[in-house]
Number of protein chains: 2
Amino acid sequence: MRPDWIAVDWGTSRLRAWAMGAEGVLAEAQSAEGMARLDEGGFEIALLRLIWPWLDEGQAVPVVICGMAGARRGWHEAPYRMLPCAPVDPQSLVPVAAEDARISVRIVPGLAQSRPADVMRGEETQIAGALAVLGDFDGVICLPGTHSKWVQVSASEVVSFRSFLTGELFALLSEQSVLRQGLVGEGWDADVFLAAVSDGMSHPQKLGSKLFALRAEGLLQDLPPASARARLSGLLIGLELVGARSYWLGQPVVLVADEGLAERYAAALAAQGVQARLLPARACTLGGLAAAIGQLTTAVSGTGRKA
Amino acid sequence: MRPDWIAVDWGTSRLRAWAMGAEGVLAEAQSAEGMARLDEGGFEIALLRLIWPWLDEGQAVPVVICGMAGARRGWHEAPYRMLPCAPVDPQSLVPVAAEDARISVRIVPGLAQSRPADVMRGEETQIAGALAVLGDFDGVICLPGTHSKWVQVSASEVVSFRSFLTGELFALLSEQSVLRQGLVGEGWDADVFLAAVSDGMSHPQKLGSKLFALRAEGLLQDLPPASARARLSGLLIGLELVGARSYWLGQPVVLVADEGLAERYAAALAAQGVQARLLPARACTLGGLAAAIGQLTTAVSGTGRKA
C-alpha cells in the first residue's frame, strides 16, 4: 500500500494519522504523542513512528497536518491567519523541512480574531470540511470540545468566532477536583443533564455554588455518580449555551462533533428549540485536509482561487 | 515546655499545630501531611511527628483538632452537626482513641445544611473564633478559600451558608489548564483585578469565553502575567460575589481570611459599597479551638451552656 497522501490531526494530547487513497481512507493509526508530550525535535520522530508502514523509497508522499503541530511550541510555527477569511487557504499551508526524504510536510495554519481576542488550531480544518459538505452555507458551526468554538460563517468565510473553556473545565473538575470521587462510575442521567443545562443557562452566577453542591449532595444524600456527572456536564454546557446565545439564536446551526458530545449538545440545543444538523468530527477533519491538499494541487497548476 | 493543650488545624493539604499555654501560643509547627496524603492509620503518626517535642510522660495533654481529620476518609469520622446550631459545641467534640498515652484527642465536627445541601469542616471553628471577638453579632461571615463560605449568623448560631468552589477553580486553572503558561511570573495588577470582578459580576454567563480569552490575549497581544492572574482571580471572585449577593447585600460583613485573600475580597466588596471588617484566619482558628476546649472544661464542671 502506498497512499496518495497522509492526513494528520495533531492535538494537544493525541496524534492521529490516515493513509489516504483515491477511494478514501486506506489505513489509520494513532498514538498519545500529542503536542504536550513533545519538544521541537520530537515531532518528526513521533510522526514517523506512526506512519512508517505507509512509506517507501521513491517520491515523497504529501503529509498535511492540522492542529497543534503549528503552534509556537509545536513542530514548526504556522502563524495564525486573521479573520475574516476562508477557513483553509491552500496557498497558506506552511511547509516544514523534514529530515526524512519520504515525506513532504505542510501544516494548516490556525485562525485568529483580534476583537475579542480568540484563536483556533484544527477547527479551521473541520470548518472547511463541513463547508465542503454544506456547500453554500450561511450560519453557525459549533465545534464542542476542550475549547468549544462557535463560528459564524458567511459566503464561505469565517466571519467571527468565540471559544469557551467548557471541555477543559469538565476534565479538570471531573478528574482533579474535590468532585472527582462523586463522579466515578457508569451511567448517564439524560433528564438530570437537561435540567442542569436549563439551570446553568438560567443561573450562570450560581456556578461556583452549584459545583460545590455536587460534593455536598454526594456526602449528605448519596447523589448517584450518573446524576453527578450529567449535572456537571449540563451546568457547564448550559453556561456555554447562554454565553453563546448570540451565535445560535435564530440561526441555522451545524454541530461538528464526535458521537457523545454531539448527542449532548444536540439535546441541549433542541431544548432551546434549535434543531442542529450533525456532522461527524472525523469526517470533517479529513474533508478539510482533503480540501487543503486538493486546492493545493490546483493552486500549483496555476488555477488557485483567491482566498 | 509543656503546653496546657495543643491546637490542630488539619486541612486537605496541610497540617498545622500550636502548643498553647496560659499566655497563648508557645510554639507552632506545620507539615504537608494534609488529609489527602494520609490513610486512616497515618494520622496519629503524622501528628506525633509534628508535636513530639511538646510531649512528655505523665498526664495526657488535650489535643483539639478541626478540619479534615474528622472527614469520612480522615482519622476518625466526626459526623456533621445540622443547622441551625452554634458553630462549635464542646459537648459534641468527638473523642479519638490514640495509641500514644501522652495525648488525649478530640475532633471538632463540621456543619451541614440540607437545603440546599452544603457542608463545612474547619470553618465552623473559625466562625466560633470570630464570634468570640465579635460578641453579639448578627450578620454575615465570609471565609474565602479553596471552598469559600458565606455564612449567615444570628443569635450566636449559624443559620445558613453557601459554599463556592472559587479557590479550587483558581488553583486548577492557574496550575493545570491551558492558561497556566500565561500566568507564570510576578506582580499583581489591582486595577485589572477590580475591572474583572465587575465584569465577572455583570456577565457571569461569559465566564467560559472570558477564561479562554486569557489564553488568546496571551498569544496575540502578549497579555502580561500580572494582568492575566489578576483577571483570572477577579473573574472568579466576581462570579462568587454575584452568586452570594443575597448574603452580603445590606448586611454587616466580616471577612475571615489570610492577608492576600482578605485584601482581594475586601477590595472587591468595597467596590460594591460593602466595608467588610477583617479578622485574620489563624487567630480565628485558634480562638475557635480555645472556645471549644474552654467550654469543654466548663461543661465538665457542670455549667455547660445549651448549644
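If you're wondering where the values come from, they're calculated on a predicted model, not measured in any experiment.

Peer 1: Kindly report on the interface of chain B and chain A, identifying the contributing residues and their values.
Peer 2: Opposite the 39 residues of chain B that make contact, chain A presents 40 residues. Buried area between chain B and chain A, summed over both chains or domains, comes out near 3600 Å², and the portion from carbon and sulfur atoms is 70%. The three residues of chain B that bury the most area against chain A are Leu165(B), Gln205(B) and Phe212(B), which together make up 17% of that side's buried surface. Counting every contact that joins chain B to chain A gives zero salt bridges. In this structure, the connection of chain B to chain A is made through nine residue pairs in polar contact (both at pLDDT 80 or more). Elements that contribute at least two residues to the side of chain B that touches chain A include exactly strand S8 (111–113), strand S9 (118–120), strand S12 (157–164), helix H3 (166–176), helix H5 (207–221) and helix H6 (225–243) of chain B. Classifying every residue of the side of chain B that touches chain A by side-chain character gives 20 nonpolar, twelve polar and seven charged.

Peer 1: Quick rundown of the packing of aromatic side chains? Include the residues and the values.
Peer 2: Tallied over the entire structure, the rule returns eight aromatic pairs over all chains. Considering the side-chain rings of Trp10(A) and Trp75(A), the 6.1 Å spacing of their centres and the 70 degrees angle between planes classify their relative orientation as edge-to-face. A residue pair is termed long-range when its members are at least 10 positions apart, and Trp10(A) in strand S1 (residues 5–10) and Trp75(A) in the loop between strand S4 (61–67) and strand S5 (81–82) qualify at 65 residues. As far as the burial class goes, Trp10(A) and Trp75(A) line up, both buried. Between Trp10(B) and Phe43(B), the ring centres sit 5.0 Å apart and the planes meet at 55 degrees, which makes this aromatic pair tilted. Of this pair, Trp10(B) sits in strand S1 (residues 5–10) while Phe43(B) sits in helix H1 (residues 42–51), and the two are 33 residues apart along the sequence.

Peer 1: Tell me about empty space enclosed by the protein, residues and numbers included.
Peer 2: Gaps left between atoms are located by rolling a probe of water-molecule size over the structure's atoms. All names here are of chain A. Across all of its chains, the model carries four cavities of 30 Å³ or more by this definition. The space that makes up the largest cavity amounts to roughly 50 Å³. Taken together, Asp-199, Gly-200, His-203, Pro-204, Lys-206, Leu-207, Lys-210, Leu-235 and Leu-239 make up the lining of the largest cavity. When residues of the lining of the largest cavity are traced back to their parent elements, those giving at least two are helix H4 (190–202), helix H5 (207–221) and helix H6 (225–243). Of the residues assigned to the lining of the largest cavity, the class counts are four nonpolar, two polar and three charged.

Peer 1: Please set out the relation of the copies chain B and chain A residue by residue, giving values where relevant.
Peer 2: Rotating chain B by 180 degrees and moving it 0.0 Å along the rotation axis overlays it on chain A with an RMSD of 0.0 Å. The superposition operator between the copies reduces to a two-fold rotation axis. Relative to the rotation axis, the C-alpha of Pro204(B) is the closest in chain B, positioned 2.8 Å from it. Interface residue correspondence from chain B to chain A reaches 100%, placing this contact among same-surface, isologous pairings.

Peer 1: Quick one: what's the story with the packing of helix H3 (residues 166–176) of chain A against H6(A), residue by residue and with numbers?
Peer 2: Residue and element names in this part refer to chain A. Taken N-terminus to C-terminus, the directions of H3 and H6 make an angle of 155 degrees; their axes are 10 Å apart at the nearest point. Compared by their axis directions, H3 and H6 come out roughly antiparallel. The handedness of the crossing between H3 and H6 is right-handed. Only Arg-229, Leu-232, Ser-233, Leu-236, Ile-237 and Glu-240 of H6 make contact with H3, whose side of the interface consists of Thr-166, Leu-169, Phe-170, Leu-173 and Ser-174.

Cut-offs applied
- Sequence order as written defines residue numbering, which begins from 1 separately in each chain.
- Chain letters start at A and ligand numbers start at 1, both assigned in the order the entries are written.
- Local features in this predicted model are restricted to residues whose pLDDT is 70 or higher, and side-chain atom pairs enter the listing and the counts only when it is 80 or higher, whereas totals over whole chains, interfaces and linings include all residues.
- Computation of side-chain values: all heavy atoms of the structure, hydrogens and water removed.
- A contact between two residues is defined here by any heavy atoms of the two lying within 4.5 Å.
- Using a 1.4 Å probe, buried area is obtained as the accessible area two parts lose upon being combined, added over both of them.
- We define a salt bridge as a contact between a side-chain nitrogen of Lys or Arg and a carboxyl oxygen of Asp or Glu at a distance within 4 Å.
- As used in this structure description, the phrase polar contact means that two N or O atoms lie within 3.5 Å; if the pair is within protein, one of them must be able to donate a hydrogen and the other to accept it, and residues adjacent in sequence are counted only when both atoms belong to side chains.
- Numbered from the N terminus, helices here are DSSP runs of H or I no shorter than four residues, and strands are runs of E no shorter than two.
- Classification used: nonpolar for Ala, Val, Leu, Ile, Met, Phe, Trp, Tyr, Cys and Pro, charged for Asp, Glu, Lys and Arg, polar for all others including Gly.
- The criterion for an aromatic pair is that two Phe, Tyr or Trp rings (for Trp, the six-membered ring) have centres within 6.5 Å, with stacked assigned to planes under 30 degrees apart, edge-to-face to planes over 60 apart and tilted to the rest.
- Partly exposed residues are those whose accessible area sits between 20% and 50% of the maximum for their type, while under 20% is buried and over 50% is exposed, using a 1.4 Å probe and protein chains only.
- Of the grid points, spaced at 1 Å and generated over the protein atoms alone, those admitting a 1.4 Å probe that cannot get out make up cavities, while open sets with protein on both sides within 12 Å along at least five of seven lines make up pockets; any residue with an atom within 4 Å of a point is treated as lining.
- Grid points are joined across faces, edges and corners, and a volume is the space filled by probe spheres set on the points.
- Copy-to-copy alignment: least squares on C-alpha atoms, limited to residues at pLDDT 70 or above in both.
- A fitted line through C-alpha atoms serves as each axis, taken over the contacting stretch for helices, and the angle formed by two N-to-C directions is quoted from 0 to 180°.
- Here roughly perpendicular refers to angles of 65 to 115 degrees, roughly parallel to angles under 35, roughly antiparallel to angles over 145, and oblique to all remaining angles.
- By convention, the crossing between two helices is left-handed when the near helix turns anticlockwise from the far helix through less than a right angle, and right-handed when the turn is clockwise.

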